[in-house]
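Examination of the molecular architecture
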Amino acid sequence: MADKTKMTVMDFKKFKEEGRKFSYVTAYDYTMASIIDESNVEIILVGDSLGMIMLGYSSTTPVTMEDMVHHIRPVVKGAPNTFIVGDTPFGAYQESDEQAVHNAVRLIKETGCDCVKLEGGIEMESRIKAIVNAGILVMGHIGLTPQTATSVGGFKVQGGTTESALKLIEDAKTLERAGVFSMVLEAVPTVVGKAVTEAVKVPVLGIGAGPHVDCQVLVTQDMLGMYGEFKPKFVKQYANIRKVMVDALNDFHKETLSGEFPTPEFSFNKEVTLDKLY
Ligand code: KIV
């Protein structure tokens, strides 16, 4: 087990001030969480991307509060030395500040995660203030916001015009004023990633936002080469675990058919008299 100390929001603030980068990946279950806990990665997100990665949906919008609670709990158990973010699913904060506080409290209270994340810019100002006032740490999420991606024409790069880039900077400043301790910035040109990062004092966690952000985020199943459906341009595959798994399954299948498995090494070899059975 790695000698790892769980980070706090004060550490993340200090990292930004000192220009020390950090890293952030997703997990949705106990085993993956415990693997990440053994690594040096500082933050785990139990993202609503679980809808696509774990549940096979074509988007994140059907994910429910119950799905989130169910998946955040085992991650909290598996990664006691890693800061854990619980994502607030679509429909759990859009209605009112009261609904947002109610569901943020649920995520913290029922799972033990360290903070909640929600998507949206200026329009989410009062939701963020309400949750922060309830004593809960909030991570924002601007740029490409998958829960509402259909309304902006699908999974597309955001901030590609001067006007939309300036709007993103305004979103970031508003989120900071509302009290977020950090924010995800997804799928924007490198120059916009830099401008947003420089516009706020809180850490900017970039996914497809170029090299100038404070922290790099990737979906674990993408960067390990496990999720076969789709690979966004910004994903670097650090391993091909899907191939390792399929090869191992085929070896097992082959050895089962040939009788090579199990050898005595994998069998209970105690001698037992069975005459009376016949
Ligand atoms: O749900 C998720 O995995 C996310 C990341 C894309 C940041 O929100």
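Numbers given for residues are sequential positions, taken from 1 along each chain in its written order. Restriction of local features to residues with pLDDT of at least 70 applies here, the model being predicted, together with a cutoff of 80 or more for giving and counting side-chain atom pairs; totals for whole chains, interfaces and linings are based on all residues. Processing note: side-chain calculations cover all non-hydrogen atoms of the structure and skip hydrogens and water entirely.

With respect to topology, eight strands assemble into a closed barrel ordered β1-β2-β3-β4-β5-β6-β7-β8, the strand pairing being parallel. Neighbouring strand axes in the sheet, compared pairwise and without regard to direction, differ in orientation by 25° on average. With five bridges joining them, strand β5 (residues 138-143) and strand β6 (residues 182-186) adopt parallel strand pairing. From the neighbouring strand, Ile 142 faces β6, where its bridge partner is Leu 185. Strand contacts of helix α5 (residues 97-111): β3 (83-87) and β4 (115-117), with the helix running at about 135° to β4, the strand carrying the most contacts. When DSSP finds two or more bridges between two strands, those strands count as paired. For the purposes of this entry, the term helix denotes a DSSP run of H or I that reaches at least four residues, the term strand denotes a run of E that reaches at least two, and both are numbered from the N terminus. Axis lines are fitted through C-alpha atoms, for helices just across the contact stretch, and the angle between N-to-C directions can take any value from 0 to 180 degrees. In what follows, a contact means two residues having at least one pair of non-hydrogen atoms within 4.5 Å.

Definitions used throughout: a 1 Å grid over protein atoms alone; a cavity as a set of points that fits a 1.4 Å probe which cannot get out; a pocket as an open set with protein on both sides within 12 Å along at least five of seven lines; a lining residue as one with an atom within 4 Å of a point. Grid points are joined across faces, edges and corners, and a volume is the space filled by probe spheres set on the points. Of the volumes computed, that of the largest pocket is approximately 690 Å³. Residue lining of the largest pocket: 34 residues in total, with Phe 155, Glu 186, Ile 207, Pro 232 and Phe 234 positioned closest to the centre. Elements with a minimum of two residues in the lining of the largest pocket: β1 (22-26), α3 (50-53) and β6. Residues that form the lining of the largest pocket fall into these classes: 19 nonpolar, seven polar and eight charged. Every residue lining the second largest pocket is counted, 21 residues in all, and those nearest its centre are Gly 120, Glu 123, Gly 143, Thr 145 and Thr 148. Broken down by element, the lining of the second largest pocket gets its largest block of residues, four residues, from helix α7 (residues 162-178). A breakdown of the residues in the lining of the second largest pocket according to their chemical character gives six nonpolar, 11 polar and four charged. Charged means Asp, Glu, Lys or Arg here, nonpolar means Ala, Val, Leu, Ile, Met, Phe, Trp, Tyr, Cys or Pro, and polar covers whatever is left, Gly included.

All right, on to a nonpolar patch on the surface then. For patch detection, residues must exceed 30% relative accessible area and be free of salt bridges, and they are connected within 9 Å for like charges or within 5 Å for nonpolar side chains (Val, Leu, Ile, Met, Phe, Trp, Tyr). Note that accessible areas follow from Shrake-Rupley with a 1.4 Å probe, and for residues the cover is restricted to the protein chains shown. We count a salt bridge whenever a side-chain nitrogen from Lys or Arg sits within 4 Å of a carboxyl oxygen from Asp or Glu. Among the surface-exposed residues, Met 54, Leu 55 and Tyr 57 lie close enough to one another that they form a single nonpolar patch of about 230 Å² accessible area. Assignment of secondary structure puts Leu 55 in the loop between α3 and α4 (65-78). Assessed through its relative accessible area of 32%, Leu 55 is described here as partly exposed. Using a 1.4 Å probe on the protein chains alone, a residue whose accessible area is under 20% of its type maximum counts as buried, one over 50% counts as exposed, and one in between counts as partly exposed.

Turning to the site of the ligand, a few remarks are in order. Around the ligand lies a shell formed by Thr 26, Leu 45, Gly 47, Asp 48, Ser 49, Asp 87, Lys 117, His 141, Glu 186 and Ile 207. Any N or O atom pair separated by 3.5 Å or less is treated as a polar contact, with the protein-specific requirement of one donor-capable and one acceptor-capable atom, and with residues adjacent in sequence counted only for side-chain atom pairs. Within the side chain of Asp 48, one N or O atom sits 3.1 Å away from an oxygen atom of the ligand. Coverage of the ligand by the protein amounts to 95% of the 260 Å² it exposes when considered alone. Because more than half of its atoms lie within 2 Å of the grid, the ligand is assigned to the largest pocket. Among the residues making up the shell around the ligand, the classes are represented as two nonpolar, four polar and four charged. The rule for a residue being near a molecule or strand is that one of its heavy atoms must lie within 4 Å of it. Whether a molecule sits in a cavity or pocket is decided by its atoms, more than half of which must lie within 2 Å of the grid points.

Here the limits of each domain have been adopted from an automatic or database domain assignment. Under the domain assignment, the chain is made up of domain 1 (9-240) and domain 2 (245-277). Distance between the C-alpha centres of domain 1 and domain 2: 45 Å.

Once that is clear, we can look at the packing of helix α2 (residues 30-38) against α4. Helices that pack against each other are described as a pair by the angle of their axes relative to one another and the distance between those axes. Where α2 contacts α4, the axes come no closer than 7 Å and their chain directions differ by 35°. The two elements α2 and α4 cross, and the hand of that crossing is right-handed. Taken together, the residues of α4 that come into contact with α2 (itself represented by Tyr 30, Ala 33, Ser 34 and Asp 37) are Pro 74, Val 75, Lys 77 and Gly 78. The class makeup of the residues in the contact of α2 with α4 is four nonpolar, two polar and two charged. Crossing handedness is defined as follows: a turn of the near helix away from the far one that is anticlockwise and smaller than a right angle gives a left-handed crossing, while the clockwise case is right-handed.

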